[in-house]
Amino acid sequence: MLEVLTDSALDLVKTLPILTLVYAFLYWVENRMRRVPAMLEQAARFGPLCGALAGSVPQCGFSAAASALFLDGCLAPATLVAVFLATSDEALPVLLSGGAGAADALRLLAVKLVLAAAGGYLLRLTVLKQRPRLTGVPHEHAHAEAEGCSCCGGGGAAVAVLGRTVRTALLLFFVLLAFNTAVYLVGEARISALLLSGSVLQPVLCATIGLAPSCAISVLFAELYTSGAIGFGSMVAGLSTGAGFGYMILLSDRSQRRSAVQIIALTWLLAVAGGVTVQAFLG
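What comes next concerns the included structure. The model shown is predicted, which means the values in this text are computed figures rather than measured ones.

1. With respect to the overall build of the chain
Argument step 1. Secondary structure summary: the chain contains 15 helices and zero strands in total.
Argument step 2. Counting over 283 residues, the chain shows a buried share of 51%.
Argument step 3. In the chain, the share of contacts with a sequence separation of at least 24, taken over all contacts with a separation of at least 6, comes to 83%.
Argument step 4. Carbon together with sulfur atoms contributes 68% to the accessible area of the chain, which is approximately 12700 Å² in total.

2. A short note on the packing of helix α3 (residues 48-55) against helix α7 (residues 102-125)
Argument step 1. Direction vectors running N to C along α3 and α7 enclose 150°, while the axes themselves pass 8 Å from each other. When the interaxial angle is binned, α3 and α7 end up roughly antiparallel. At the point where α3 passes α7, the crossing takes the right-handed sense. For the pair α3 and α7, the contacting residues are P48, L49, A52 and L53 in the first and L113, A116, A117, G120, Y121 and R124 in the second.
Argument step 2. When grouped by side-chain class, the residues that make up the contact of α3 with α7 number eight nonpolar, one polar and one charged.

3. So, the packing of α7 against helix α15 (residues 257-282)
Argument step 1. Running from amino to carboxyl end, α7 crosses α15 at an angle of 135°, the nearest separation of the two axes being 11 Å. By the angle between their directions, the pair α7 and α15 is classed as oblique. Like other packed secondary-structure pairs, α7 and α15 cross with a definite hand, here right-handed. Mapping the contact onto sequence places R107, V111, L115, G119, L122 and L123 in α7 and L266, L270, G274, V278 and L282 in α15.
Argument step 2. Considered class by class, the residues forming the contact of α7 with α15 number eight nonpolar, two polar and one charged.

4. Describing the environment of T241
Argument step 1. Position of T241 relative to the elements: it lies in helix α13 (residues 232-241).
Argument step 2. Residues in contact with T241, not counting those within four places in the same chain, are C206, A207, G210, L211, Y247, T267, W268 and A271.

5. Points about the pattern of salt bridges
Argument step 1. Overall, the coordinates contain one salt bridge when judged by the stated rule.
Argument step 2. Among the salt bridges present, the one from D104 reaches R107, with a minimum N-O distance of 2.9 Å. Placement of the pair is D104 and R107 together in helix α7, with a separation of three residues, close to one helical turn.
Argument step 3. When its relative accessible area of 14% is taken as the criterion, D104 is described as buried.

6. Structural notes on α15
Argument step 1. Taking 1.5 Å of rise per residue, the 26 residues of α15 would be expected to cover 38 Å, and the 36 Å separating its terminal C-alpha atoms lies within 8% of that figure.
Argument step 2. Turning to α15, its buried residues are A260, I263, I264, L266, T267, L270, A271, V272, G274, G275, V278 and Q279.

7. Thoughts on helix α12 (residues 216-226)
Argument step 1. Within α12, eight of the 11 residues are buried, which leaves it mostly tucked inside the rest of the structure.
Argument step 2. Within the span of α12, buried status applies to I217, S218, V219, F221, A222, E223, L224 and Y225.
Argument step 3. Just downstream of α12, G228 is the residue with a positive phi angle, here 85°.

8. Focus: the packing of aromatic side chains
Argument step 1. Following the criterion strictly, the structure yields two aromatic pairs and no others.
Argument step 2. Here F84 and Y247 contribute two aromatic rings whose centre-to-centre distance is 5.1 Å and whose plane-to-plane angle is 75°, an arrangement assigned as edge-to-face. Residue F84 is found in helix α5 (residues 77-86), and its partner Y247 is found in helix α14 (residues 246-250); the two are separated by 163 residues along the sequence. Each member of the pair, F84 as well as Y247, is classed as buried.

9. Notes on a nonpolar patch on the surface
Argument step 1. Taken together, the side chains of Y184, L185, V186 and L194 present a nonpolar region at the surface, about 440 Å² in accessible area.
Argument step 2. Residue placement: V186 occurs in helix α9 (residues 156-186).

10. A word on the side chain of T87
Argument step 1. With respect to the helices, strands and loops of the structure, T87 is situated in the loop between α5 and α6 (91-97).
Argument step 2. Look at T87 and you get buried, because its relative accessible area is 1%.
Argument step 3. Setting aside anything within four residues of it in sequence, one finds T87 in contact with G55, S63, K112, L239 and G242.

11. A closer look at the environment of V81
Argument step 1. As for its position among the elements, V81 is in helix α5.
Argument step 2. Given a relative accessible area of 0%, V81 falls into the buried group.
Argument step 3. Note: C-alpha distance between V81 and T241 (160 residues apart in sequence) is 9.5 Å.
Argument step 4. Setting aside residues up to four positions removed in sequence, V81 forms contacts with L123, L128, I263, T267 and L270.

Calculation criteria
- Residues numbered from 1 in each chain as written.
- Predicted model: local features only at pLDDT ≥ 70, side-chain atom pairs only at ≥ 80, totals over all residues.
- Heavy atoms only, no water.
- Helix = DSSP H or I, 4+ residues; strand = E, 2+ residues; numbered from the N terminus.
- Buried < 20%, exposed > 50% of the residue type's maximum accessible area, 1.4 Å probe, protein only.
- Contact = heavy atoms within 4.5 Å.
- Areas by Shrake-Rupley, 256 points an atom, 1.4 Å probe, with all protein chains shown as cover.
- Axes fitted to C-alpha atoms, helices over the stretch in contact; angles between N-to-C directions.
- Parallel < 35°, antiparallel > 145°, perpendicular 65-115°, else oblique.
- Left-handed = near helix turned anticlockwise from the far one by under 90°.
- Nonpolar A, V, L, I, M, F, W, Y, C, P; charged D, E, K, R; others polar.
- Salt bridge = Lys/Arg side-chain N within 4 Å of Asp/Glu carboxyl O.
- Expected span 1.5 Å × (residues − 1).
- Phe/Tyr/Trp six-rings, centres within 6.5 Å; stacked < 30°, edge-to-face > 60°.
- Patch = residues over 30% accessible without salt bridge, like charges linked within 9 Å, V, L, I, M, F, W, Y side chains within 5 Å.

What follows is the structure, encoded as structure tokens:
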């Protein structure tokens, strides 16, 4: 067990410099995109492409903010699904720092952007034809959730970047420790069997796990992919349903729970379809 702890710590140490650089860059980007939720609200009429582009930014507050905007009638349901499908939270920084490389990170970003935009427009033309009610009234959770997840908090750039790096590093360490411990106790072959390695059903399993309302789920899928436990398509499926706290905000309004369940179910279906397709062509 000491070897497991040591290996997990060493793996984490290797990622810290790259994580810090990635979050410094994201701080610079996000500090110039503080009005993205408001812009998303104003651009709602332009459809799922705006939602897909906004959700592609590695920031776990957008899905929650988008859910709040939907509850206030500022976003169409198809646009909300596009945001959910595009969201990757912390997966991109973890991929970049965990040895997967920039090619995999860019491929993930591109695939999820296409899936989110295409899926959103498909729903808009079929089962989700209703238009949003542009009330323009800010939901009480919109700013709280976005600010709570942003790396652009108070205390200056250094504090914000280091704070986000430490939070992700701790999440990554516990994921690494749990996974390495499982491999040590259970065995790599059995872990692969439990995750349906080589099966077309693996994206279905990952999409279902991705529904867990936690930003940490993105770290889990990125680590499972870099370790070879799941395929690229399965990671896409899991991250496409991994909308963090967006589902909790969406389900908080009792009067719209029927619509919320429909949106979550459609998100899951598109994530599974996209994951299975990507798994078949890209592995």
